[in-house]
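A look at the structure
So the chains spell out like this:
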Amino acid sequence: DAGVIQSPRHEVTEMGQEVTLRCKPISGHNSLFWYRQTMMRGLELLIYFNNNVPIDDSGMPEDRFSAKMPNASFSTLKIQPSEPRDSAVYFCASRYSGRAIADEQFFGPGTRLTVL
Amino acid sequence: TQLLEQSPQFLSIQEGENLTVYCNSSSVFSSLQWYRQEPGEGPVLLVTVVTGGEVKKLKRLTFQFGDARKDSSLHITAAQPGDTGLYLCAGDKVTGKLIFGQGTTLQVKP
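So, here's what we can say about the structure. On a predicted model such as this, the values are computed, not experimentally measured, just so you know. (Residues numbered from 1 in each chain as written. Chains lettered and ligands numbered in written order. Predicted model: local features only at pLDDT ≥ 70, side-chain atom pairs only at ≥ 80, totals over all residues. Heavy atoms only, no water.)

**Re the overall build of chain B**
When helices and strands are tallied, chain B shows zero helices and 11 strands. When the helices and strands of chain B are placed in sequence order, the string is β-β-β-β-β-β-β-β-β-β-β. Taking 110 residues into account, the globule formula puts the C-alpha radius of gyration at 13 Å, and chain B, at 13 Å, falls close to it. Expressed as lengths along the three principal axes of its C-alpha atoms, the size of chain B is roughly 40 × 30 × 20 Å. In chain B, which comprises 110 residues, the proportion classed as buried is 45%. Accessible surface, chain B: about 5100 Å² in total, of which carbon and sulfur atoms supply 51%. For chain B, the centre of its 10 positive side-chain charges and the centre of its 10 negative side-chain charges are spaced 4 Å apart. (Helix = DSSP H or I, 4+ residues; strand = E, 2+ residues; numbered from the N terminus. Rg over C-alpha atoms; globule rule 2.2 N^0.38 Å. Buried < 20%, exposed > 50% of the residue type's maximum accessible area, 1.4 Å probe, protein only. Areas by Shrake-Rupley, 256 points an atom, 1.4 Å probe, with all protein chains shown as cover. Lys, Arg positive; Asp, Glu negative; His and termini not counted. Charge placed at Lys NZ, Arg CZ, Asp CG, Glu CD.)

Shown next, in the form of structure tokens:
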């Protein structure tokens, strides 16, 4: 299995531009998570989906952030408009939920976003 | 509010030394996971502890879950340069989502 795939790996954009991050979870996994990692705040959960349905988006910073999961094999995280404080590494993770407590989450390699 | 406090935040030691990383909370977790993250990569699961008082060993790494399931520790014996990385603890409250600690950056010098 190729693991969780994220694109792009690096994104540099200017303040005010729209940014779209993409994620392909591991085939067969039914839960998908979007995280943001910064030095100051560590790894924060933004939103997660079960069976393509958003379950908890309480970590989404504000209305500028939105996430979709149109099918089991694809998800996007969009920031519009982007701001310099959005600069961070964004991770997507997936897992199969249901077999045991705290099933393992598999993380993608991340997208390093820089907003100038 | 950080629900999981990790200490120390940074640790630089010589090869062959022992170390312990702590993960503490005032909340009870149904389970706790430890991840290791290398630069430019996502975190990778090392272990999951579920039962209060549980001890798990992974080669030179020993993980313990507190009796009250509020805290955990990671002990590394005879650290190697390959152990260098960011160690993250994460608690699960059976809500489906993990709460991560701030992480401990470990550097093991040859």
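That shown, we press on.
**Some words on the state of the cysteines**
By the definition in use, this model includes two disulfides over all chains. Sulfur-sulfur distance for the disulfide between Cys23(A) and Cys92(A) comes to 1.9 Å. Across the S-S bond linking Cys23(A) and Cys92(A), the dihedral sits near -65°, which makes this disulfide left-handed. Of this pair, Cys23(A) sits in strand S3 (residues 19–24) while Cys92(A) sits in strand S9 (residues 88–95), and the two are 69 residues apart along the sequence. Here Cys23(A) and Cys92(A) have matching classes, each one buried. The disulfide that involves Cys23(B) links it to Cys89(B), with 2.0 Å between the sulfurs. With the S-S dihedral at roughly 75°, the linkage between Cys23(B) and Cys89(B) falls on the right-handed side. (Disulfide = S-S within 2.5 Å.)

**So, the sheet that holds strand S7 (residues 61–65) of chain B**
All names here are of chain B. What the five strands build is an open sheet, ordered S1-S3-S8-S7-S6; its pairing is antiparallel. Of all the strands in the sheet, the pair left with one neighbour each is strand S1 (5–7) and strand S6 (55–58). Adjacent strand axes in the sheet meet at a mean angle of 15°, parallel and antiparallel pairs treated alike. Here S7 pairs with strand S8 (residues 71–76) via five bridges, running antiparallel. Counterpart to Thr-62 in the pairing with S8 is His-75. (Pairing = 2+ DSSP bridges. Axes fitted to C-alpha atoms, helices over the stretch in contact; angles between N-to-C directions.)

**Some thoughts on the layout of surface pockets**
Taken as a whole, the largest pocket holds about 690 Å³ of empty space. Around the largest pocket, the lining comprises 28 residues; the ones closest to its centre are Gln37(A), Thr38(A), Met39(A), Gln37(B) and Leu86(B). When contributions to the lining of the largest pocket are tallied by element, the ones reaching two or more residues are strand S4 (31–38), strand S5 (42–50), S9 and strand S11 (111–115) of chain A together with strand S9 (85–92) and strand S11 (104–109) of chain B. When residues in the lining of the largest pocket are grouped by element, the largest group, three residues, is from S9(B). The residue inventory of the lining of the largest pocket, partitioned by class, reads 10 nonpolar, 14 polar and four charged. (1 Å grid on protein atoms, 1.4 Å probe; cavity = no way out; pocket = protein on both sides within 12 Å on 5 of 7 lines; lining within 4 Å. Points joined across faces, edges and corners; volume = space filled by probe spheres on them. Nonpolar A, V, L, I, M, F, W, Y, C, P; charged D, E, K, R; others polar.)

**Quick notes on unusual backbone geometry**
With the exception of glycine, the majority of residues adopt a negative phi angle, and the majority of peptide bonds are in the trans configuration. The amide bond that connects Ser7(A) to the next residue, Pro8(A), takes the cis arrangement and shows omega of -10°. Of note, the bond from Ser7(B) into Pro8(B) is cis; its omega dihedral lies within 30 degrees of zero at -10°. Position of Pro8(B) relative to the elements: it lies in the loop between S1 and strand S2 (10–14).

**Quick look at the pattern of salt bridges**
All names here are of chain A. The tally for this structure, following the rule as stated, stands at 12 salt bridges over all chains. Notably, a salt bridge pairs Glu-62 with Arg-85, separated by 3.2 Å at the nearest N-O pair. Placement of the pair is Glu-62 in the loop between strand S6 (53–56) and strand S7 (65–71) and Arg-85 in the loop between strand S8 (74–79) and S9, with a sequence separation of 23 residues. Glu-62 sits in the partly exposed class, given a relative accessible area of 28%. (Salt bridge = Lys/Arg side-chain N within 4 Å of Asp/Glu carboxyl O.)

**What to know about the side chain of Ser25(B)**
Residues and elements named next belong to chain B. As for its placement among the helices and strands, Ser-25 is situated in the loop between strand S3 (19–24) and strand S4 (31–37). Here Leu-3 takes part through its backbone oxygen, which lies 2.8 Å from a polar atom of the side chain of Ser-25. With residues near it in sequence (within four places) discarded, Ser-25 still touches Leu-3, Leu-4 and Lys-70. (Polar contact = N/O pair within 3.5 Å; in protein donor to acceptor, adjacent residues only side chain to side chain. Contact = heavy atoms within 4.5 Å.)

Geometry only, nothing functional implied.
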